[in-house]
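# Observations on the three-dimensional arrangement
Read off the chains here:
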Amino acid sequence: MKVLVTGGMGYIGSHTCVQMIEAGIEPIIIDNLCNAKEMVLDRIEMISGVAPAFYHGDIRDESVLDSIFTEHDIKAVIHFAGLKAVGESVAKPLEYYDNNVNGSLVLARSMRKAGVKNIIFSSSATVYGDPASVPITESFPTGATTNPYGRSKYMVEECLSDLFTSDPSWSITLLRYFNPVGAHPTGLMGEDPQGIPNNLMPYIAQVAVGRREKLSVYGNDYPTPDGTGVRDYIHVMDLADGHLAALTHVGLKSGLHIYNLGTGKGSSVLDMVEAFSQACGKGVAYEICPRRAGDIAECWANTEKAERELGWKATRSVKEMTEDTWRWQVANPQGY
């Protein structure tokens with residue numbers, strides 16, 4: 001089975017492509033490489049033994065998408081392509097709405113022309129905003145987002161939901177990720193953010209490997225056990241397996257399918273700093289800074305629905321998340 005993977009050269013997309021190949025599914029990748037490197041294709045081949053078809057193109061270019069659907073008998077789309085930095089989205093809202101929302105609309109239009117009505121969308125727990133309680137279930141209200149990145153994810157969810165309402169023959173799966181971390185256990189693939197990392201784990205890793213002086217911990221006065229923010233960190237390999245489970249169980253069945261992908265457990269910033277210190281065998285320098293606007297105290301998933309309906313459950317520990325990240329960072333101190 002051929003599946004179009006938009007943004008397949010990115011962090012989560014590349015790991016998912018590896019797992020797809022190992023499951024006998026053929027990924028067809030399109031990526032504009034704005035936040036990825038072409039070398040990722042070589043790493044996918046090194047791990048899986050297969051070099052996927054790759055198109056250097058943009059999902060906003062309808063003619064490129066149309067030609068891919070013409071060339072290949074594609075059965076479904078896994079849609080990762082999107083800008084994802086919260087801070088950058090505040091500074092560049094138009095770019096985020098153009099890339100994330102408009103790009104998704106162009107993709108859906110091209111899919112409709114090609115008669116491909118199965119899409120799995122890379123959404124985010126940010127659609128829940130600041131939840132009234134934890135753990136978060138899929139039935140929690142969405143839309144009270146705190147930044148343009150989160151709003152763009154919410155808008156795409158709404159657009160795809162409206163598309164399903166208009167034509168219930170579509171299979172639309174919304175996967176709401178919590179906090180992806182970790183790397184492929186070979187150390188050949190991992191997270192390679194452009195510029196200063198926006199996420200905790202790559203920043204810790206770059207401090208530990210000597211690329212950065214210290215980690216900024218934003219706020220230690222939250223109502224949490226150690227005062228720092230608590231999040232649901234999920235290993236990128238578990239996340240990749242979650243996409244396969246979604247594709248296998250509901251990805252080709254008509255319906256609007258919504259799942260949280262997390263571990264169901266929360267870890268604080270300082271928990272992750274300590275776990276990483278254990279993984280790399282040395283302390284990680286950090287300083288406490290004022291809270292950031294838009295950050296929430298705690299956020300973790302209720303994962304029962306995914307376990308029940310997809311037969312999927314995150315299995316990799318925080319220890320594996322930090323050890324795999326460190327293995328990747330040591331082997332690739334400057335990224336790809």
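Looking up the protein in an unreviewed UniProt entry gives the name UDP-glucose 4-epimerase, with the organism given as Vibrio ziniensis. On record in UniProt, under Subunit (unreviewed entry), the comment for the protein is "Homodimer."

### Section: the layout of surface pockets
Its boundaries defined by the atoms lining it, the second largest pocket holds a volume of some 160 Å³. Residue lining of the second largest pocket: Y233, T263, K265, G266, S267, K313, A314, T315, R316, S317, V318 and M321, and that is the complete set. Considered class by class, the residues forming the lining of the second largest pocket number four nonpolar, five polar and three charged.

### A short note on the sheet that holds strand 12 (residues 267-268)
The strand order across the open sheet built from three strands is 12-9-14, with neighbouring strands paired in mixed fashion. Since the sheet does not close on itself, it has two edges, and those belong to strand 12 and strand 14 (298-299), each with one partner. By the bridge criterion, two bridges tie strand 9 (residues 230-231) to strand 12 in an arrangement that is antiparallel. Within strand 12, the residue paired with R231 across the bridge is S267.

### Quick look at the domain arrangement of the protein
Here the protein is described as being made up of domain 1 (2-181 + 233-261) and domain 2 (183-231 + 264-331). Inter-centroid distance (C-alpha atoms) of domain 1 to domain 2 is 22 Å. Contacts between domain 1 and domain 2 engage 43 residues on the former and 37 residues on the latter. When domain 1 packs against domain 2, close to 3600 Å² is buried across both sides, 64% of that on carbon and sulfur atoms. Run the count over domain 1 and domain 2 and you get four salt bridges. Across the domain 1-domain 2 interface, the total number found is 14 residue pairs in polar contact (both at pLDDT 80 or more). Listed by contribution, the elements that provide at least two residues to the side of domain 1 that touches domain 2 are helix 1 (11-22), helix 2 (39-48), strand 7 (179-181), strand 10 (233-235), helix 8 (236-249) and strand 11 (255-261). Of the residues assigned to the side of domain 1 that touches domain 2, the class counts are 25 nonpolar, eleven polar and seven charged.

What counts as what
- Residues numbered from 1 in each chain as written.
- Predicted model: local features only at pLDDT ≥ 70, side-chain atom pairs only at ≥ 80, totals over all residues.
- Heavy atoms only, no water.
- UniProt positions renumbered as here; feature names shortened; annotations may be inferred.
- 1 Å grid on protein atoms, 1.4 Å probe; cavity = no way out; pocket = protein on both sides within 12 Å on 5 of 7 lines; lining within 4 Å.
- Points joined across faces, edges and corners; volume = space filled by probe spheres on them.
- Nonpolar A, V, L, I, M, F, W, Y, C, P; charged D, E, K, R; others polar.
- Pairing = 2+ DSSP bridges.
- Helix = DSSP H or I, 4+ residues; strand = E, 2+ residues; numbered from the N terminus.
- Domains from an automatic or database assignment.
- Contact = heavy atoms within 4.5 Å.
- Buried area = accessible area lost by both parts, 1.4 Å probe.
- Salt bridge = Lys/Arg side-chain N within 4 Å of Asp/Glu carboxyl O.
- Polar contact = N/O pair within 3.5 Å; in protein donor to acceptor, adjacent residues only side chain to side chain.

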